[in-house]
2 protein chains.
Amino acid sequence: MKNTIFVLNDDAPKYKQIYEQFKLYIENGNISVNEQLPSIRQLADSLSVSRNTTLNAYEQLLAEGYIRSDGRKGYFVNELDPLLYQSVKMPTKNEKKELKNVRIDFRAGTVDQQHFPLKTWRRVTNQVLTMHHSYQYGDPFGEECLREQIAAYLFQSRGLKTNANNIIISSGTQPMLINLGKLLRENFSSFIVEDPGYVGAREALKFHDFTLETVPVCETGTDFSTLNQKESRLIYVTPSHQSPIGVSMSIQERLKLINWASVRQGYIIEDDYDSEFRYTQQPFPALASIDSTRVIYFGNFSKSFLPGIRISYMVLPDSLINQYKKQFYLFESPASLHNQLAMAKFMKDGEWNRHLKRMRLVYKQKMNYIVSELKSHFKQTITIIGEQSGLFVLVKLHLNRTEEWLINRASLYGVVVYPTSIYTLENHMNEPTIKLGFSNLTCEEIQLGVHLLKEAWS
Amino acid sequence: MKNTIFVLNDDAPKYKQIYEQFKLYIENGNISVNEQLPSIRQLADSLSVSRNTTLNAYEQLLAEGYIRSDGRKGYFVNELDPLLYQSVKMPTKNEKKELKNVRIDFRAGTVDQQHFPLKTWRRVTNQVLTMHHSYQYGDPFGEECLREQIAAYLFQSRGLKTNANNIIISSGTQPMLINLGKLLRENFSSFIVEDPGYVGAREALKFHDFTLETVPVCETGTDFSTLNQKESRLIYVTPSHQSPIGVSMSIQERLKLINWASVRQGYIIEDDYDSEFRYTQQPFPALASIDSTRVIYFGNFSKSFLPGIRISYMVLPDSLINQYKKQFYLFESPASLHNQLAMAKFMKDGEWNRHLKRMRLVYKQKMNYIVSELKSHFKQTITIIGEQSGLFVLVKLHLNRTEEWLINRASLYGVVVYPTSIYTLENHMNEPTIKLGFSNLTCEEIQLGVHLLKEAWS
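Quick caveat: nothing in here was measured; it's all calculated off a predicted structure. (Residues numbered from 1 in each chain as written. Chains lettered and ligands numbered in written order. Predicted model: local features only at pLDDT ≥ 70, side-chain atom pairs only at ≥ 80, totals over all residues. Heavy atoms only, no water.)

K.L.:
Before we go on, may I ask you to explain helix α10 (residues 337-348) of chain A in this structure?
P.N.:
In an α-helix, one turn spans 3.6 residues; hence positions three or four apart end up facing the same way. Residue and element names in this part refer to chain A. The terminal C-alpha atoms of α10, which comprises 12 residues, lie 17 Å apart, in line with the 16 Å expected from a rise of 1.5 Å per residue. The element α10 is largely enclosed, with a buried count of 10 among its 12 residues. The set of residues buried in α10 consists of Leu337, His338, Asn339, Gln340, Leu341, Ala342, Met343, Ala344, Phe346 and Met347. Its buried side turned inward, α10 meets α4 (118-128), α5 (144-158), β4 (167-170) and α11 (351-378). For α10, the N-terminal cap is Ser336; the gap from its side-chain oxygen to the backbone nitrogen of His338 is 3.4 Å. (Helix = DSSP H or I, 4+ residues; strand = E, 2+ residues; numbered from the N terminus. Expected span 1.5 Å × (residues − 1). Buried < 20%, exposed > 50% of the residue type's maximum accessible area, 1.4 Å probe, protein only. Contact = heavy atoms within 4.5 Å. Polar contact = N/O pair within 3.5 Å; in protein donor to acceptor, adjacent residues only side chain to side chain.)

K.L.:
Whenever I open this one, the relation of the copies chain A and chain B confuses me. Can you help?
P.N.:
Copy one and copy two of the chain differ by a rotation about an axis and a translation along that axis. Superposing chain A onto chain B takes a rotation of 180° combined with a translation of 0.0 Å along the rotation axis, leaving an RMSD of 0.1 Å. Given the turn and translation reported, the copies of this chain are related as if by a two-fold rotation axis. The share of interface residues of chain A whose copies in chain B are also at the interface is 99%, consistent with both copies meeting through the same surface. (Least-squares fit on C-alpha atoms with pLDDT ≥ 70 in both.)

K.L.:
Could you clarify how one ought to interpret the interface of chain A and chain B in this entry?
P.N.:
How big an interface is tends to be stated in terms of the accessible area lost upon association of its parts. Taken together, the contact pairs 109 residues of chain A with 108 residues of chain B. Across the chain A-chain B interface, the total number found is 2 salt bridges. Counting every contact that joins chain A to chain B gives 29 residue pairs in polar contact (both at pLDDT 80 or more). Of all the elements, helix α8 (residues 251-264) of chain A adds the most residues to the side of chain A that touches chain B, at 8 residues. A per-class count over the side of chain A that touches chain B returns 43 nonpolar, 40 polar and 26 charged. (Salt bridge = Lys/Arg side-chain N within 4 Å of Asp/Glu carboxyl O. Nonpolar A, V, L, I, M, F, W, Y, C, P; charged D, E, K, R; others polar.)

K.L.:
Can you help me understand the pairing of strand β13 (residues 392-397) of chain B in this one?
P.N.:
If a strand is regular, its side chains alternate between the two faces of the sheet. Residues and elements named next belong to chain B. The buried fraction of β13 is high, at 6 of 6 residues. In this structure, strand β12 (residues 382-385) lies alongside β13, joined through 4 bridges in antiparallel fashion. Considered in β13, the bridge of Ile385 is made with Leu394. Turn length for the β12-β13 hairpin, with the two strands adjacent in sequence and antiparallel, is 6 residues, and the turn residue Gly386 shows positive phi of about 80°. With 5 bridges joining them, β13 and strand β16 (residues 433-437) adopt antiparallel strand pairing. Paired with Val395 across the strands is Ile434, a residue of β16. (Pairing = 2+ DSSP bridges.)

K.L.:
It is not clear to me how unusual backbone geometry should be interpreted in this structure. Could you clarify?
P.N.:
Phi is mostly negative for residues that are not glycine, and the peptide bonds are mostly trans. Residues and elements named next belong to chain B. Cis peptide bonds are those with omega within 30 degrees of zero, and the linkage from Asp195 to Pro196 qualifies with -5°. Note that the residue after Ser243, namely Pro244, is joined by a cis bond; omega there is 10°. Tracing the backbone through its elements, the reader meets Pro244 in the loop between β8 (234-237) and α8 (251-264). Even without glycine at this site, Lys379 takes up a positive phi of about 45°. Checked against the element boundaries, Lys379 lands in the loop between α12 (351-378) and β12. On the basis of relative accessibility, which here comes to 58%, the residue Lys379 falls in the exposed class.

K.L.:
Is there a simple way to think about the pairing of strand β11 (residues 312-315) of chain B in this case?
P.N.:
Residues and elements named next belong to chain B. Across the two faces of β11 the burial is the same, with Ser312 and Met314 and Tyr313 and Val315 all buried. Where strand β4 (residues 167-170) lies against β11, 4 bridges are found, and the strand directions are antiparallel. Residue pairing for β11: Ile167 is matched across the bridge by Val315. Across 4 bridges, strand β10 (residues 295-300) lies against β11 in antiparallel orientation. The partner of Phe298 across the bridge, within β11, is Met314.

K.L.:
Got a minute to help me understand the side chain of Glu373 of chain A in this structure?
P.N.:
All names here are of chain A. As for its position among the elements, Glu373 is in helix α11. One buried charged residue, Glu373, forms no salt bridge at all, with the nearest opposite charge on Lys379 at 11 Å. If near-sequence neighbours (up to four positions away) are discounted, Glu373 is found in contact with Gln447 and Val450. (Lys, Arg positive; Asp, Glu negative; His and termini not counted.)

K.L.:
What's the story with the packing of aromatic side chains in this structure? I'm lost.
P.N.:
Each aromatic ring pair is described using two quantities: the centre-to-centre distance and the angle formed by the ring planes. In total, this model carries 38 aromatic pairs over all chains according to the counting rule given. Between Phe22 of chain A and Tyr58 of chain A, the aromatic rings sit 5.7 Å apart at their centres with planes inclined by 75°, giving edge-to-face as the arrangement. Pair noted here: Phe22 of chain A is in helix α1 (residues 14-28) and Tyr58 of chain A is in helix α3 (residues 51-64), with a separation of 36 residues, a long-range link. Given the relative accessible area of 0%, Tyr58 of chain A is considered buried. Ring centres of Phe188 of chain B and Tyr267 of chain B lie 6.2 Å apart, and the angle between their planes is 70°; this geometry places the pair in the edge-to-face category. Residue Phe188 of chain B is found in the loop between α6 (173-184) and β5 (190-195), and its partner Tyr267 of chain B is found in strand β9 (residues 267-271); the two are separated by 79 residues along the sequence. Here the two residues Phe188 of chain B and Tyr267 of chain B agree in accessibility, since each one is buried. Members of the aromatic cluster, each reached through a chain of ring pairs, are Phe116, Trp121, Tyr153, Phe301, Phe305, Tyr313, Phe346 and Trp352 of chain A together with Tyr135 of chain B. Note that Lys182 of chain A overlies the ring of Phe207 of chain B, its terminal NZ or CZ placed 5.4 Å from the centroid. (Phe/Tyr/Trp six-rings, centres within 6.5 Å; stacked < 30°, edge-to-face > 60°. Lys NZ or Arg CZ within 6 Å of the ring centre and 35° of its normal.)

Here it is, written out as structure tokens:
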């Protein structure tokens, strides 16, 4: 204790400085175990601080166990185990990402900012924060008011007859696959996925070590001819708008699939991630509207509203819903309560249907625009795939170039375009195919982007 | 085809009614396979609708695969597999929950609504929606701007030296345990948990079939004496404010635990779920501030801000962070992008520290109030546990009654109180102990509640 020096400055509360310095001395052994500390009064006098200050410092040390109070005798240092291993990492600066000179980014997975219903959404989110319920934990399976709205919407728009009790709200396709996968893994060990197909779903299925089998998809549809030779009794599909090829499953394929699941006593996961935006016809009825006993329906608000809102939902057949609720009733919902309540109100007020109607027109115009620009610039040297629906289009290039070359060349011209080879497991395309998202680009930007691509790829 | 009758009404678009009726006739076999449909013109004339209407109906049937177009010859019905199994469930009404006559609900897990910074939060959330980035997908590991704010906050308030790169943002303690559990399960098969302890964490650990061992917790602290006899090399603890007992771990216990993890080459998960609210002293430094190589730090905004915001974070040691990012880089973040951006701005503007300072006073006042009310009504017949911190208090009752009796009697008087037995695996309390949350009750409500409890339990 004799060699300890207290230096107090004005940067922090005095009691805190005293506490910190005592702590350091005790940890470093400058003050020995069982040694008595100066009394509150002595210390206060010697440091010219109030007794309250030294009392506060001692009480913090006392509460954390560094010292003990021995009644009237005073304060004594407690024993500490020496630290066997210590490595304190100093904060390091993050490396800044190199900024590229990007002029046009054909990134999929964004939504149109210009036509977002900013005022209405602000109004409902602000209202939600005045509700008593907004200051509690929500329902583990999602807010009932939102589940009711989703049930009504699915019936009206997708022909799916269900009710709030069979709907589970989550915060994305992957969290749903992870939870559902836990349940399915008890009776199933493998999954059929589309090839090419959504990588995020495959990753979530691998989380539970499902073996993956594939069915090939090409521009004319999914090839289900080998379905009966597969071992799996589970399949994950995107029937309304295959990701990424963009085809829609015909009624023949749909019935074949449902009959397969019935015979095999398996399940189909129907991921209906962007069915709202079909331009040439009405959205096709959901697979789950044909048979709700074998189809697990997945939907979300990422493409149709905001990717960052992180609200998704699944409709479970009766055979799974109780088992699911039993497994997860002690889990909190991962979806923001306030976003859920706001979306429920937005739907109830009719704003959701208005929004979809408006966005369908906006995106249809953009799709028509990009397709006509591509056709007029590239003519016979490209094939356009998936122009009937969705927020992106695929372009197959007959230029005898690699996908890598196409992406790198585009980048030199300030245009970011995206590969499709990453979606493929075995069923490789015969020619490189590029993915162009356009949802948050203006027609001028689309025009400039396609123009630059023409130059880059010439 | 001869027996088919079309009846059109004004309830829906005419093309849609035609499409629906054709679909039904084809599905039911009223129209045979390969039968030719009337031409667009014939049908339009016979139904007195425009040709555009019949064209639209046929195009929808065509797109879905019900019919095919055979060039100039016209439209023909395609073959459909008969459905092997069909069961369409009709929507059912949800059973309404019985409304009880609740006067006072001592529910934990709510936050104070009256002092919530409504205006400021509205301002930042509204600002966030004008950002271009709000219309895209976010960073899989959480927004960098928020991770930077959290790193700065953890250093300032919890003594934890880390940086944005080691922080992962998620949507709750359970999703973090599920993801992290996937990683840890490769090298570890069991976990030590506190008994009594947080049920939600146990459920999330069971998700990966971890075997659970326990260390007993009582009013004087956690008993680590048997730690070295355990098989596990992983432990989940709540050192700042044990859930539910309310004790804080002393520095001796902390060092013992860290040395155990170093020797065993294991990991400690430190769930610091409500350390912000310590009333008698400053919050204790985090375990992770002593050794960041063996401690995985968990924090969240549920108690300190809003339970429904669903933003949590973990600080991973260098030994785990790269492995984690490799495993999950193809997963989307489950946390709302807009909530993340708003919270980052709220913290950057200094509003977060102001909020914590204000709420610490508000909750301290409520804690003091409930404790003094309980003491004045119940005197020696109760022991109060965990009054130094947090948003609830435990009351051990020396009344020779069961927990069930206490809860039921309270309910008769319109007061909802909560059990603690549910947190226990083996280490049962010798007397029934009731959990009283007070965060969103006014002092008047607390007074009335305690008064009613006194009547109920007399």
